[in-house]
There are 2 protein chains.
Amino acid sequence: MNSPASAQPIFVGIHLGGDVLRATIVNHEGAIVESREAPLDRENLVEQTAQIVSELRTLVPNVASVGVAIPGLVNRLTDRVVDSRVLPATVREDLHAELMRVTGLRFELENDANAAAYGEYQVGAGRGSRDMFYMSIGESIGGAIILDGKLWAGTAGLAGEVGHITLDREGDVCVCGNTGCLETVASAPNIVRRAKERLDRDSTSSLSRLAMNKEFTASDVAREARNDDDFALMMIERTGKYIGTGVASVINLLNIERIVLGGGVMDAGDLILKPIIKESKRRAFQPSFEATQILAATLGPNASAIGAALLARDAHLT
Amino acid sequence: MNSPASAQPIFVGIHLGGDVLRATIVNHEGAIVESREAPLDRENLVEQTAQIVSELRTLVPNVASVGVAIPGLVNRLTDRVVDSRVLPATVREDLHAELMRVTGLRFELENDANAAAYGEYQVGAGRGSRDMFYMSIGESIGGAIILDGKLWAGTAGLAGEVGHITLDREGDVCVCGNTGCLETVASAPNIVRRAKERLDRDSTSSLSRLAMNKEFTASDVAREARNDDDFALMMIERTGKYIGTGVASVINLLNIERIVLGGGVMDAGDLILKPIIKESKRRAFQPSFEATQILAATLGPNASAIGAALLARDAHLT
């Protein structure tokens, strides 16, 4: 412990996102004290992480421990990164041991959807609930389950893969090998794919002009929807229906107190939240739907970093 | 407590099924000592239950408490039957208080799918697992979740409704109001419906002769499949694929250690279990599928009664 007796311990959370490293300092109550971001240097992750931790420690010396949120599967018992689409195999092998060796600090590793869920649960939209399901809808669709204050990881640490429940037995082939997964219609790249397929048939949307000049993104679709473009509105609304179908299955299966929806696709705000709620109401058992609160996440892109810091705090306490 | 100090306490489990009352006595280890069944007298449930408990007590005097499995929603905190398709409203209102008043014994009430799950978990196919998902496929499709030895009922006691996850967004309308639920294709009545729809087009199956003379059941389809009737085999196999799709969604969402499949439809044995496993393997995340054991239930139609007795035992101990 390197915190002086006079000061409360402070916790650092780091998210090694797809392209960005986000670092956040939170105090003991979970409030953000400081944050940083930088382009992710995949080949030198340990050095980059150690460097940013070192910088932060010059600002707040009493860092007690560090949580790291990782886009991949983390075995919490062994602190090993079992699989990751982002981290090179050479780096992830000894990530935990190397980080501790280089910095002299205690580190906690966690999957980034789990970390975001924990952040939202503690200081975001999940606050005040006992049980919570978190769904992150962005480049891919992930999720996490929190029961009675603890992440429920399942038997192999893989629970929460809500992006890969089947919505349509005969649907499109998914990256996971299944057909008709929620992710095949509702992730950011699949919103773009669906929009492009339809634009081939309907060129009146302002997205057509975008499409002619450059690639457009799911954020562009959301922005044009906010600008009242009919086609973009329809795409966002239909995406909401797909997500709502998945939410209804989660409600019927888990009868969970609260469902928190985060990730970049949720930046569309009420334009997507309303059809999600409407469709899940239509499809779920009424008493179960009524017992569930469905809310948009509130921590934004810092959710995983904040959650990682809070996981470090709570591991530090035990 | 009316058990003499010299004898181990004994527990009675009663299942108020659709048409049948099943009563089972289990000893402290969960082994069946005695069982009874009788046509269910819906209008006189309290009297019938008290009568059968009284008969059983003449055989084994040291009955410590009684568990009752109910086809409906039970609030375990208040011991009230909140909803039931089987029990008349007049009976279910005060069921718990009345049973205790008439018999002088302690009673525990539980939903029958939950009770069956607990029975399988303790002394059936779930034995030895820590976390288990139970799926009952019969007249309807229900389920229950057991985490770390305890039934996980959700925020309003409604968790486990796996029959009402959406498999096909554009599918048939379900009794629950949703479209394309697992139950719309895989429950016993829906197996019969699907078979009849196809028989209108294909009259070579031995089921056609059955259909001409009388109504046939899902059990008839399973029996003809065992007799190598091609059409019946195809119906059972396709049903297995539907169930396997649901099982895959459960695996991806919960990454649960063990899945136990019970209910009348599973009487088709390996003819249905094999396609269920094959389809869930095809659709689920490979590491998550590999971490999950999928087994047929072993307690048969007594599962709910046995589970109710064990729930009474475990409530008695606490």
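Residues numbered from 1 in each chain as written. Chains lettered and ligands numbered in written order. Predicted model: local features only at pLDDT ≥ 70, side-chain atom pairs only at ≥ 80, totals over all residues. Heavy atoms only, no water.

Another aspect to go through is the overall build of chain A. Counting its secondary structure elements, chain A contains 12 helices and 12 strands. Computed over C-alpha atoms, the radius of gyration of chain A comes to 20 Å, within 12% of the 20 Å expected from 2.2 N^0.38 for 318 residues, which places it in the range of a compact globule. Considering chain A as a whole, with its 318 residues, one finds that 59% of them fall into the buried category. Counting every atom, chain A has about 13,100 Å² of accessible surface; 49% of that belongs to carbon and sulfur. Averaging the locations of the 32 positively and 41 negatively charged side chains of chain A gives two centres separated by 4 Å. (Helix = DSSP H or I, 4+ residues; strand = E, 2+ residues; numbered from the N terminus. Rg over C-alpha atoms; globule rule 2.2 N^0.38 Å. Buried < 20%, exposed > 50% of the residue type's maximum accessible area, 1.4 Å probe, protein only. Areas by Shrake-Rupley, 256 points an atom, 1.4 Å probe, with all protein chains shown as cover. Lys, Arg positive; Asp, Glu negative; His and termini not counted. Charge placed at Lys NZ, Arg CZ, Asp CG, Glu CD.)

This part is about the interface of chain A and chain B. Listed as interface residues are 41 residues of chain A and, on the opposing side, 41 residues of chain B. In this assembly, chain A and chain B are joined by 2 salt bridges. The salt bridge involving A:Arg169 is made with B:Glu279; its shortest N-O contact spans 3.5 Å. Put simply, chain A and chain B have 26 residue pairs in polar contact (both at pLDDT 80 or more) between them. Sorting the residues of the side of chain A that touches chain B by element identifies β9 (141-147), α9 (230-254), α10 (270-283) and α11 (286-290) of chain A as the ones contributing at least two each. For the side of chain A that touches chain B, the leading source of residues is α9(A), giving 8 residues. (Contact = heavy atoms within 4.5 Å. Salt bridge = Lys/Arg side-chain N within 4 Å of Asp/Glu carboxyl O. Polar contact = N/O pair within 3.5 Å; in protein donor to acceptor, adjacent residues only side chain to side chain.)

In this section: the environment of A:Asp220. Residue and element names in this part refer to chain A. Counting through the fold element by element, Asp220 comes out in helix α8 (residues 218-226). Each C-alpha atom of the pair Asp220 and Val81 lies 34 Å from the other, and the pair is 139 residues apart in sequence. Among the polar contacts made by the side chain of Asp220, one reaches the side chain of Arg223 at a distance of 2.9 Å.

This part takes up the sheet that holds strand β1 (residues 10-16) of chain A. Residue and element names in this part refer to chain A. Here 5 strands make up an open sheet; going across it, the order is β3-β2-β1-β4-β7 and the pairing mixed. Each edge of the open sheet carries a strand with a single partner, namely β3 (32-39) and β7 (106-111). Between one strand axis and the next, the sheet turns through 15° on average, direction left out of account. Two strands pair when backbone bridges link them, and β1 and strand β2 (residues 20-26) are joined in this way by 6 bridges, in the antiparallel orientation. Pairing of Phe11 across the sheet is with Val26, part of β2. Of the strands in this sheet, β1, β2, β3, β4 (63-70) and β7 touch helix α1 (residues 45-59), which is tilted by about 150° from β3. Against the sheet, helix α3 (residues 95-103) touches β4 and β7, its axis set at about 150° to β7. (Pairing = 2+ DSSP bridges. Axes fitted to C-alpha atoms, helices over the stretch in contact; angles between N-to-C directions.)

Quick look at the relation of the copies chain A and chain B now. The transform that puts chain A on chain B rotates by 180° and translates by 0.0 Å along the axis, for an RMSD of 0.0 Å. In symmetry terms, the pair is related by a two-fold rotation axis. If distances are taken from each C-alpha of chain A to the rotation axis, the shortest is found for A:Asp168, at 2.2 Å. A high fraction, 100%, of the interface residues of chain A reappear at the interface in chain B, so the copies pair face to face through one surface. (Least-squares fit on C-alpha atoms with pLDDT ≥ 70 in both.)

Time to look at the environment of B:Thr166. Relative to the elements of secondary structure, B:Thr166 occurs in the loop between β10 (150-151) and α5 (183-186). When the C-alpha atoms of B:Thr166 and B:Glu183 are compared, they prove to be 9.2 Å apart, with 17 residues separating the residues in sequence. Aside from chain neighbours lying at most four places away, what touches B:Thr166 is A:Thr166, A:Leu167, A:Thr245, A:Ser249, A:Arg283, B:Asn178, B:Thr179, B:Gly180 and B:Cys181. Side chain to side chain, B:Thr166 and B:Asn178 meet in a polar contact 3.0 Å long.

So, on to the sheet that holds β9(A). Residue and element names in this part refer to chain A. Reading across the sheet, the 5 strands line up as β10-β9-β8-β11-β12 and stay open at both edges, with mixed pairing between neighbours. Edge strands, defined here as strands with exactly one partner in the open sheet, are β10 (150-151) and β12 (293-296). Sitting on the sheet, helix α4 (residues 112-123) touches β8 (132-137), β9, β10 and β11 (258-262), and the angle it makes with β9 is about 50°.

Taken by themselves, the reported measurements are silent on function.
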